[in-house]
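Per-entry structural report
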Amino acid sequence: MNAYIAIKHFHLTCVVLSGLGFLTRGFWMLTAPEKLGRTWVRFTPHVVDTLLLVSALALAAWSHQWPFEQPWLTAKVIALLLYIGFGTIALKRGKSRAARTVALVLALLSFGYIVGAALTRNPWLI
């Protein structure tokens, strides 16, 4: 059980780092886009998000809770795909600042939903 708690805390740390990193990059996209080209800014999110995904898979395996078996996990996976899509538009593919800003807000809302679904273990957040 101690290993599960350690993985869970590691996962939660990665969630916070991933969210803060995305929020920071979103802020820079709006205020100082040249900062997005820095090597560490492009590299670090991939490392953090990979560790986040690996720890999520470890938690799922340890607890025997899988997407498409648990509705709240299914909702999280769908929201994760939306978060990735909106995040890509916000930071890379948006054609205008307005499009990037809307995508940033939608990505942050998706991230908030993911956290809410995890906390409530309910896809309806109740």
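Residues numbered from 1 in each chain as written. Predicted model: local features only at pLDDT ≥ 70, side-chain atom pairs only at ≥ 80, totals over all residues. Heavy atoms only, no water.

1. Observations concerning the packing of aromatic side chains
The line we're drawing: Here a pair means two rings of Phe, Tyr or Trp (six-membered ring of Trp) with centres within 6.5 Å. Their orientation is stacked below 30 degrees between planes, edge-to-face above 60, and tilted elsewhere. In DSSP terms, a helix is any run of H or I states spanning at least four residues, a strand is any run of E spanning at least two, and both are numbered starting from the N terminus. Buried means the residue's accessible area, taken with a 1.4 Å probe over protein chains only, is under 20% of the maximum for its type, while exposed means over 50%, and partly exposed covers the values in between.
Counted under the stated rule, the structure contains 4 aromatic pairs. A ring pair is formed by Tyr4 and Trp62, whose centres lie 6.3 Å apart and whose planes are at 50°; its orientation type is tilted. Placement of the pair is Tyr4 in helix H1 (residues 2–31) and Trp62 in helix H2 (residues 39–63), with a sequence separation of 58 residues. Plain terms: the ring middles of Tyr83 and Phe111 are 5.5 Å apart, the flat faces sit at 50° to each other, and that makes the pair tilted. A residue pair is termed long-range when its members are at least 10 positions apart, and Tyr83 in helix H3 (residues 71–93) and Phe111 in helix H4 (residues 97–120) qualify at 28 residues. Summarising the burial analysis for this pair, Tyr83 and Phe111 share the class buried. An aromatic cluster is present here, built from Phe22, Tyr83 and Phe111 joined pairwise through their rings.

2. Thoughts on the packing of H3 against H4
Applicable threshold: In this description, a line fitted to the C-alpha atoms serves as the axis of each element, helices being fitted only across the stretch in contact, and the angle between N-to-C directions of two axes falls anywhere from 0 to 180 degrees. Orientation labels follow simple angle bins: below 35 degrees gives roughly parallel, above 145 gives roughly antiparallel, 65 to 115 gives roughly perpendicular, and whatever is left gives oblique. Here a crossing is taken to be left-handed if its near helix is turned anticlockwise relative to the far helix by less than a right angle, and right-handed if that turn runs clockwise. Gly is placed with the polar residues, together with every amino acid not listed as nonpolar (Ala, Val, Leu, Ile, Met, Phe, Trp, Tyr, Cys and Pro) or charged (Asp, Glu, Lys and Arg).
Two elements in contact, H3 and H4, have axes separated by 8 Å at closest approach and are oriented at 155°. One way to sum up the angle between H3 and H4 is to call them roughly antiparallel. Of the two possible hands of crossing, H3 and H4 adopt the one that is left-handed. Each residue belonging to the contact of H3 with H4 can be placed in one class, and the counts come to 20 nonpolar, 2 polar and 4 charged.

3. Some thoughts on the environment of Leu52
Note the cut-off: Note on definitions: a residue-residue contact is assigned when non-hydrogen atoms from the two residues lie within 4.5 Å.
The residue Leu52 is located in helix H2 in this model. In sequence terms Leu52 and His11 are 41 residues apart; their C-alpha atoms lie 5.7 Å from each other. In this structure Leu52 touches His11, Cys14, Val15 and Ser18, once residues within four positions along its chain are discounted.

4. Structural notes on a nonpolar patch on the surface
In plain terms, the rule: Patch definition: residues with relative accessible area over 30% and no salt bridge; like charges joined within 9 Å; nonpolar side chains (Val, Leu, Ile, Met, Phe, Trp, Tyr) joined within 5 Å. Per-residue accessibility takes into account occlusion by the displayed protein chains alone, with areas from the Shrake-Rupley method and a 1.4 Å probe. The salt bridge criterion pairs a side-chain nitrogen of Lys or Arg with a carboxyl oxygen of Asp or Glu, the two atoms within 4 Å.
On the surface, a nonpolar cluster with roughly 360 Å² of combined accessible area is contributed by Phe10, Phe43, Val47 and Leu51. Among the elements that make up the nonpolar patch, the one with the highest residue count is H2 (3 residues). Structurally, the position occupied by Leu51 is in helix H2. Looking at Leu51, the relative accessible area reads 37%, which means it is partly exposed.

5. Things to note about the nonpolar core
Put simply, the rule is: Grouping buried Ala, Val, Leu, Ile, Met, Phe, Trp, Tyr and Cys residues that are joined through side-chain atoms within 4.5 Å yields what is termed a nonpolar core.
In terms of nonpolar packing, the biggest core is built from 17 residues, with Phe22, Met29, Leu36, Tyr83, Ala90, Leu91 and Leu104 touching the most fellow members. Where this core is concerned, the elements lending two or more residues are H1, H2, H3 and H4. Non-local contacts of Ala90, meaning those with residues more than four positions away in its chain, are made with Phe22, Met29, Arg100, Ala103 and Leu104.

6. Quick word on the packing of H1 against H3
Look at H1 against H3: their axes get within 10 Å of each other, and the N-to-C directions meet at 30°. Judged by the angle between their axes, H1 and H3 are roughly parallel. Between H1 and H3 the crossing geometry is left-handed. Here H1 contributes Ser18, Phe22, Arg25, Gly26 and Met29 to the contact with H3, which in turn contributes Tyr83, Gly87, Ala90 and Leu91. Classifying every residue of the contact of H1 with H3 by side-chain character gives 5 nonpolar, 3 polar and 1 charged.

Spatial relationships are all this shows, so hold off on functional conclusions.
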